[in-house]
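Here are the chains, one letter per residue:
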Amino acid sequence: MTIGGIDPKFSSDHFDTRAIHAGQLPDAQTGAVVPPLSLSTTFVQSSAGVHKGFDYSRTSNPTRINFETAISSLERGQFAVAFSSGCATTTAVANLVKSGSHIVCVADVYGGTFRYMTNVAANNGITVDFVDMADPSNISKHIRNNTKMVWIESPTNPTLRLQHQENALHVAKFLESHPLVDSVMFPGLPSHPQHQLALKQCKGFSGMLSFRIKDGTISKSNAFLTSLRLFCLAESLGAVESLAELPSVMTHASLTPEARAALGIDDGLIRLSVGVEDKEDLVRDLDQALRKAFQISSSSAPRVVSAVFAKSKL
Ligand SMILES: Cc1ncc(COP(=O)(O)O)c(C=O)c1O
C-alpha cells in the first residue's frame, strides 16, 4: 500500500504555506493548479503487476495520497494514513493491539469510540479502563503489564477553524453572562479550569463548547433545543453550520447513568458546535430559544430576564 509521506519540497516552509502547497502540486498531465479529484476505482496496468503506483482505490489513490502528504507535512510527521471515517480510523488503530491486551482510554472520549471500546474491543478480548486524564498521573496508575495503548483525544472534539473559534468565543462570553445559563465550558474562557493548559497546548480553542441551562431538566433542555432557529438539533461537530445537541440522550446515551454522572454529563448539559454564520445572529438565536424555554417575553432585555429569574428562584 502506498501512503502519504513527507513532501521535502516544502519542509522548510511555515505551516500556512505547507497547508497550501504540500501534497498539492499542479497536475503533471494537464498543469491544473488544483489537482483534480481522482474518482476511479481501479487503475490500468501496462503488464500484469506493472502500474504507475496505483492499482485499486481502496488501498491507495492519488487524491488520498495528496491529502495524506499535506497532513503529514502539517503535523511534521513521517507518514499519514487517511480513512474515510473517524470510526474506520478507530477500528484500524484499536486493531493494532492483540487479544489479551489492555487499553487506557481518556474518560470523556467520543461516544462512538466509547461504544467501540466497550462493545467491539471487549468482544475481541481487549480490556479498557476509562481514565480522567486531566490529571496525567492517573494514566500511570492504570498501566498494567498487558497495557499496549493509551488512547488520548485532546482537546476532546477538536476543530481549529478560526471563524468557528472566533464565533465560539463570542457565543461562550454571551452565554456566560446570560441569566438563564448556569455555567459554560469553553477552553478559551479564563473561567475554564484548564484555560492556561489550553493556551500552552493549542493555537486556538475550536468551535466546540458546552453549557448548562438553568433548571437543567430534560424538558427544559428540549424546550430550548427545539426553539432554536439557526442551530440545528443534530449530532456531529466542526461543520460550517451551527449544531446543538443533548449529550445525555444523544452522543453519550450509551454510557451508563453512573458514567455520565461521573463525567458531569447531566440532562442540562447542552453541546454546541458553533458554525460560521454571523456571530450576532447566533447569539440572538440562543437568546430567543432560552427565553422561549423559560417562557419569558422576547421583549425583555437580559437584565430584566435576570430580575424575573431571581424572583422565580428557579
Ligand atoms: C474524536 C472522534 N472520533 C471519531 C468520530 C467518528 O467519526 P465518523 O462519524 O466519521 O466515523 C468523531 C466524530 O465526531 C470524533 O469526534
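Our structure is the block above this text.
Summary of the structure given here. Everything numeric here is computed off the predicted structure, so don't read it as measured data.

Across its full length, the protein carries eleven helices and ten strands. Counting all 314 residues of the protein, 38% fall into the buried class. If you take every contact in the protein between residues at least 6 apart in sequence, the share linking residues at least 24 apart comes to 66%. The centroid of the 28 positive side-chain charges in the protein is displaced by 2 Å from the centroid of its 28 negative side-chain charges.

Further remarks concern the sheet that holds strand 4 (residues 127-131). Spatially, the three strands line up as an open sheet ordered 4-3-5, and their pairing is parallel. The sheet is open, and its two borders are formed by strand 4 and strand 5 (147-151), each paired with just one other strand. Each strand of the sheet is rotated relative to its neighbour by a mean of 20°, with strand direction disregarded. Sheet analysis places strand 3 (residues 102-106) next to strand 5, joined by four bridges and oriented parallel. Paired with Cys105 across the two strands is Trp151, which belongs to strand 5. The strands touched by helix 4 (residues 111-123) are strand 3, strand 4 and strand 5; relative to strand 4, the strand with the most contacts, the crossing angle is about 140°.

This part takes up the sheet that holds strand 8 (residues 232-233). Ordered in space as 6-7-10-9-8, the five strands form an open sheet in which the pairing is mixed. Edge positions in the open sheet fall to strand 6 (181-185) and strand 8, since each of these has one partner strand only. One ladder, built from five bridges, connects strand 7 (residues 208-213) with strand 10 (residues 269-273); its direction is antiparallel. The partner of Arg212 across the bridge, within strand 10, is Leu269. Against the sheet, helix 8 (residues 218-225) touches strand 7, strand 8, strand 9 (243-245) and strand 10, its axis set at about 130° to strand 7.

This next bit is on a nonpolar patch on the surface. On the surface, Ile143, Val150 and Ile152 cluster together to form a nonpolar patch covering roughly 250 Å² of accessible area. Inspection of the secondary structure assignment puts Ile152 in the loop between strand 5 and helix 6 (162-176). With a relative accessible area of 52%, Ile152 lands in the exposed category.

Attention shifts here to the side chain of Asp285. When you line up the elements, Asp285 lands in helix 10 (residues 279-293). Among buried charged residues, Asp285 stands out as having no salt bridge; its nearest opposite-charge side chain is Arg229, 4.8 Å away. What Asp285 contacts, discounting residues up to four positions off in sequence, is Leu228, Arg229, Leu230 and Phe231.

Enumeration over the complete set of coordinates arrives at eight salt bridges. Note that Arg144 and Asp129 form a salt bridge whose closest N and O atoms lie 3.2 Å from each other. Placement of the pair is Arg144 in the loop between helix 5 (137-142) and strand 5 and Asp129 in strand 4, with a sequence separation of 15 residues. Residue Glu245 is joined to Arg271 by a salt bridge in which the shortest nitrogen-to-oxygen separation is 3.2 Å. On the criterion of sequence distance, the pair formed by Glu245 in strand 9 and Arg271 in strand 10 is long-range, its members being 26 residues apart. By relative accessible area, which is 1% here, Glu245 ends up buried. Under the relative-accessibility criterion, Arg271 is labelled buried at 7%.

Okay, the pairing of strand 7 next. Among the six residues in strand 7, five count as buried, and that is most of the element. Where strand 6 lies against strand 7, four bridges are found, and the strand directions are antiparallel. Residue pairing for strand 7: Val184 is matched across the bridge by Phe211.

The subject of this paragraph is the site of the ligand. In the vicinity of the ligand lie seven residues, with Ser85, Gly86, Cys87, Tyr110 and Glu153 positioned nearest. One nitrogen or oxygen atom from the main chain of Gly86 is found 2.7 Å from an oxygen atom belonging to the ligand. In the environment of the ligand, an oxygen atom lies 2.7 Å from a nitrogen or oxygen atom belonging to the backbone of Cys87. Contact with the protein chains covers 68% of the free accessible surface of the ligand, which is 400 Å². The residue inventory of the shell around the ligand, partitioned by class, reads three nonpolar, three polar and one charged.

Reading the values: rules and limits
Residues numbered from 1 in each chain as written. Predicted model: local features only at pLDDT ≥ 70, side-chain atom pairs only at ≥ 80, totals over all residues. Heavy atoms only, no water. Helix = DSSP H or I, 4+ residues; strand = E, 2+ residues; numbered from the N terminus. Buried < 20%, exposed > 50% of the residue type's maximum accessible area, 1.4 Å probe, protein only. Contact = heavy atoms within 4.5 Å. Lys, Arg positive; Asp, Glu negative; His and termini not counted. Charge placed at Lys NZ, Arg CZ, Asp CG, Glu CD. Pairing = 2+ DSSP bridges. Axes fitted to C-alpha atoms, helices over the stretch in contact; angles between N-to-C directions. Patch = residues over 30% accessible without salt bridge, like charges linked within 9 Å, V, L, I, M, F, W, Y side chains within 5 Å. Areas by Shrake-Rupley, 256 points an atom, 1.4 Å probe, with all protein chains shown as cover. Salt bridge = Lys/Arg side-chain N within 4 Å of Asp/Glu carboxyl O. Near = heavy atom within 4 Å. Polar contact = N/O pair within 3.5 Å; in protein donor to acceptor, adjacent residues only side chain to side chain. Nonpolar A, V, L, I, M, F, W, Y, C, P; charged D, E, K, R; others polar.

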